[in-house]
Structure formats: C-alpha cells, structure tokens
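Inside the fold
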Amino acid sequence: MNLKNSEKDKGEGSDRRNDSNWLERLSQSNDFIHEHTSFREDAPFWISYYRTLISSDILHKDVLPYLQEHIPLDELKSRIPVQEIILSKDTNEIIQNILNGHMAIQKHRFDEECLLINIANSKFRDVGVPTMESSALGPQVGFIEELDTNINLVRKRLPVPELQVKEMKVGELSKTKVAVLYIDGIADPENVNTVIQRITDIQYDHIQDSSYIASMIEDNSNSLFPQSISTERVDRVAAGLTEGKIIIVVDGSPNLVILPVTLMESFIAMEDYNYSWILSNFFRLLRLAAMFISTMISPMYVAIMTYHYELIPARLLETLVGSRAAVPFAPFLEALFLELMIEMVKEAGIRLPLKIGQSLGVVGGIVIGQAVVEAGLTSNVLLILVGLGSLASYTSPVYKFSNTIRFIKFPVIFLAQWFGLLGVFLAFLLTQIHLLRLTSLGRPYLSQYPIRNTSFQDLWIRLPFSMQKENPKTLRPQKKWKSTGKGKKSGPANDFYE
C-alpha cells in the first residue's frame, strides 16, 4: 500500500494543542516517518514511526490493510492481529514506545490519543553454541543478545509458574531493559529485594552490557575478585535458579549475571555433572591446583633464585645455574619481562581477527619464546615455568576469574623480589584476609568460612547426586531440600522449608 509523506505540513498548526510536541521532537530525525495511510487527503488515519526500528513486513501485512476504514481507535485495536497494542494519551509513553519500535496511529494529525502497535524489528542472531564456556559433553545452547529469547530459554528449562520475572529500565539515555529472574519459594526474598533495589538505584546514562550492571551492584567494586558470575550457558543459569540464586538479564547482552556466588564456584564447570563424581572431583581439584600454580610459580622462582638457593636440590641447582649463565638480568627482571611478553601475546591474540589471532597465539609464542632464550634474555627453565603458569590461568571455567589470576601474579612477583618467600607468604595471607572480608550480595564469598556441611556436598568436592540433599545454606533458601526423594523427611509441605 502506498504512503504519502506529509513533512511539508511540519511547520503548520502552531495553534494546535501542545500535545503535538512529541511530533515536533521526533520529526527532526530523517528516519522518522509521519504520513497518511494513502494518497487520499481524507485518509482515515495518520501513522508515525521510525523506519529504522520497525519491521516493514509486519507493517504492510498485519497493520496497513486494516487502516482503510473510518473506525474508532478502540475498535481498530481489536482488529489488528498484533499482540502488543496500547491506547495512550501520555506524551512520554508515546515517545518511549515509538523509540522502542512501536508505530503510533492517530485519527487526525494532532490528536492527543494514539494507538501504539509493536512492530519492532526483531532480527537477531540465532541461538548458538556458547563460545566462552564450551564443553565436550552436555547442552550446547547459549544465550543471545535478545532479552525475551533468553528468558524463553530459561523457561524451557524450568517450566514452573514459580519462576518470576521482574522487568525494569536502566540508563538515562539507553533505557536498557533489565530483567531479574528468581524462583518464588526458593530464593531468599531479602536477596531478591536487594538486587532489585540496587538496580533501581543505578544512575548512569547508558547500560551496554550485563557487566555494567554487575560492577555497579557488587558489594565491593574495588576488589579484583568477581562477586558475580557472568555466563552464557543456559544450564548454569537453570542450576543456579533451583538453588535460590538471582539472575540478571540485560537486553543486548548474551551474558547473564548470577548472584550471590562464592569463590569455589569459579572452579565449577557444568560439564562436571556429566562425569562420574570421582572424575568430577579430580578435575575440580586440578583447577584449584592450577590457580595456585599460575599465581605462585613465577614469584617462587624469583624468591628462590634471589634469596633461597639452599632450598634447591644440588643436581637441580646445577641445571638452573647453567640455564641462567648467559642471562644478564636478575631473576626479578627476567620473570617480569617474560610474564609481560606472554600477556601481550595473549592480548594480541584476543584482539586480532579470529584466524590471525590463532596463528599468532601458536606461532608467535613458540617463535618469540625460542628467540628470547637464544638471545640470552631469559632462561629456558623460566620459559617453561611461565608457559605452565599461563596455561594454568585458563583452567577456570569463569573468564573474569581467569583475568584476576592473570593480574594478581604481578604484585606477588614484586613482593617476592623484596622479601623472598616471606613476601610470597605475605601475599597469600593478605589475599586470604581480603577474601574472608569479601561478600557477594551480603553472603560470605569464601565458602570455607563459616564451615557448613552443604559446602562438602557440591562445592569443594562433588558428592554423588544421591547425597546432595540440601540447597546451599549460604543462600538462605526458603526451600531447604533439593527433592522429595529417598532420604528426605516426610510430612507436611512446610517441613521442607526453613
């Protein structure tokens, strides 16, 4: 159906009601359309929309064919086969909905009342495989950038009416849609209210990703350790909801935020639940050991080679001294130079295009490392140790935590240079004190304190499913027991709640 542009009338009607100001404001943009529904001057309706925000297919197939008769707007609302239709006189509501992909229909150009129809263009990428949290076994479905699709994926996993969604808009300019998900009857209402209140209190112009929200509502924004988990895995979100966690979904972000969390959850991969519990525990403890290796291996080298030669066995000491014979730098500078070089190679591999980045990571690491050793700038033993530490830093399934481990080794290297092994121990002690004081949504971040029996069901180690009977007590869930199966107390329904 043909449309006639009426922009020539923009300057007319100065004596019209002030309610037409929204037309004057929006018409300043070239992609805003305000026109009759046909070439006839007595056409029944005026329509307004941003052509860059709407779906032309929906407009021409589901809306325009119904705009040829002179009928009231409330009757037109019942005829048009579109799900979301609003009849409004509120100027701010009209503007906001048009900016979100609605079209406005008026009987006359300056009518106060508008019929707002959602014909937004909803072309997004298809649901795909998680890229940052890949696994060999288990579900291969990841979230995308569209909020409703992400909520749909969660509801398919948990088709229960207790799954609640609370939506709000954040950002003075971006007006980003944010949804808070939780299971009523399991999640602690105090946690839910705290998350909603903190999001409501955010005062910021634009929210582009869920990481913005996470950093703004964390208990300690100055801590290196992430007090929330950003995930693109549907199964991790579903598992968190059933334990009483709160999920934050941000429109435009494929990563959902999980709160509250503990330190040990940064070492738990959802793939663990697809293996035998014995294998799962082996991999979980391996990741924990890898964290200590990545953090401590270079500082230990600096401390021992600088102050504590006597700790090295004689035969190994001969090898170490021989490898450093041609190196003109102190162990501190040697380790610092090599660690910085490895970090630059990592960062370049991430920023470059995919195929080039892969080549740089493999070829660049080998060629540059070998060249540095042959040039006598570092020892081959340290190159092996730094390479091992670099690999160990990526064993955590949570990417943000991997970045924390990558950074924290540098201040430990400086302490090792100044105080030797005492400096390494001091770094460990200060980190432990910080973790003991750290909280996530007011709950202890370090799961080892206070000691709870649920920590030994599926946190430090993973017991068989038959022995995982309780939800984590640190979350203060309303529903204490995970199931009503064997081993659970019988009785009234309220027996299952704390």
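Residues numbered from 1 in each chain as written. Predicted model: local features only at pLDDT ≥ 70, side-chain atom pairs only at ≥ 80, totals over all residues. Heavy atoms only, no water.

**Section: the pairing of strand S2 (residues 32-36)**
Looking along a regular strand, one sees side chains alternate from face to face of the sheet. The element S2 is extensively covered by neighbouring structure, given that five of its five residues are classed as buried. Note that S2 and strand S3 (residues 46-50) share five bridges and pair antiparallel. By the bridge assignment, Ile 33 is partnered in S3 with Tyr 49. (Buried < 20%, exposed > 50% of the residue type's maximum accessible area, 1.4 Å probe, protein only. Helix = DSSP H or I, 4+ residues; strand = E, 2+ residues; numbered from the N terminus. Pairing = 2+ DSSP bridges.)

**Quick look at a nonpolar patch on the surface**
Side chains of Phe 292, Phe 414, Trp 418, Phe 419, Leu 422, Phe 425, Leu 426, Phe 428, Leu 429, Leu 430 and Ile 433 sit close together on the surface and give an oily, nonpolar patch of about 1,100 Å² of accessible area. Contributions of two or more residues to the nonpolar patch are made by helix H14 (399-419) and helix H15 (421-437). Tracing the backbone through its elements, the reader meets Leu 430 in helix H15. (Patch = residues over 30% accessible without salt bridge, like charges linked within 9 Å, V, L, I, M, F, W, Y side chains within 5 Å. Areas by Shrake-Rupley, 256 points an atom, 1.4 Å probe, with all protein chains shown as cover. Salt bridge = Lys/Arg side-chain N within 4 Å of Asp/Glu carboxyl O.)

**Focus on the side chain of Asn 191**
By the secondary structure assignment, Asn 191 is in helix H6 (residues 189-200). Relative accessible area serves as the criterion here: at 1%, Asn 191 is assigned to the buried category. Beyond its immediate chain neighbours, meaning those up to four positions away, Asn 191 contacts Ile 246, Pro 260, Leu 441, Arg 443 and Leu 475. (Contact = heavy atoms within 4.5 Å.)

**Observations concerning the packing of helix H9 (residues 277-307) against H14**
For the pair H9 and H14, interaxial distance at closest approach is 8 Å and the crossing angle is 15°. One way to sum up the angle between H9 and H14 is to call them roughly parallel. The two elements H9 and H14 meet at a crossing, and its hand is right-handed. Within the contact between the two elements, H9 uses Met 291, Ser 294, Thr 295, Met 296, Ser 298, Pro 299, Val 302, Ala 303, Thr 306 and Tyr 307 and H14 uses Phe 401, Ile 405, Ile 408, Lys 409, Val 412, Ile 413, Ala 416, Gln 417, Trp 418 and Phe 419. Taken together, the residues of the contact of H9 with H14 break down into 14 nonpolar, five polar and one charged. (Axes fitted to C-alpha atoms, helices over the stretch in contact; angles between N-to-C directions. Parallel < 35°, antiparallel > 145°, perpendicular 65-115°, else oblique. Left-handed = near helix turned anticlockwise from the far one by under 90°. Nonpolar A, V, L, I, M, F, W, Y, C, P; charged D, E, K, R; others polar.)

**With respect to the pattern of salt bridges**
The full count for this structure, using the stated rule, is twelve salt bridges. The shortest N-O distance in the salt bridge between Arg 443 and Asp 188 comes to 2.8 Å. Note that Arg 443 is positioned in strand S13 (residues 443-444) and Asp 188 in the loop between strand S8 (176-183) and H6, a separation of 255 residues in sequence. The exposure classification of Arg 443 matches that of Asp 188, with both residues buried. One salt-bridge network, held together by shared partners, links Glu 343, Lys 346, Glu 347 and Arg 406.

**Description of the packing of H9 against H15**
Running from amino to carboxyl end, H9 crosses H15 at an angle of 155°, the nearest separation of the two axes being 9 Å. Of the possible angle classes, the one that applies to H9 and H15 is roughly antiparallel. In this structure, the crossing between H9 and H15 has a hand that is right-handed. In this structure, H9 contributes Phe 292, Met 296, Pro 299, Met 300, Ala 303 and Ile 304 to the contact, and H15 contributes Leu 421, Val 424 and Phe 428.

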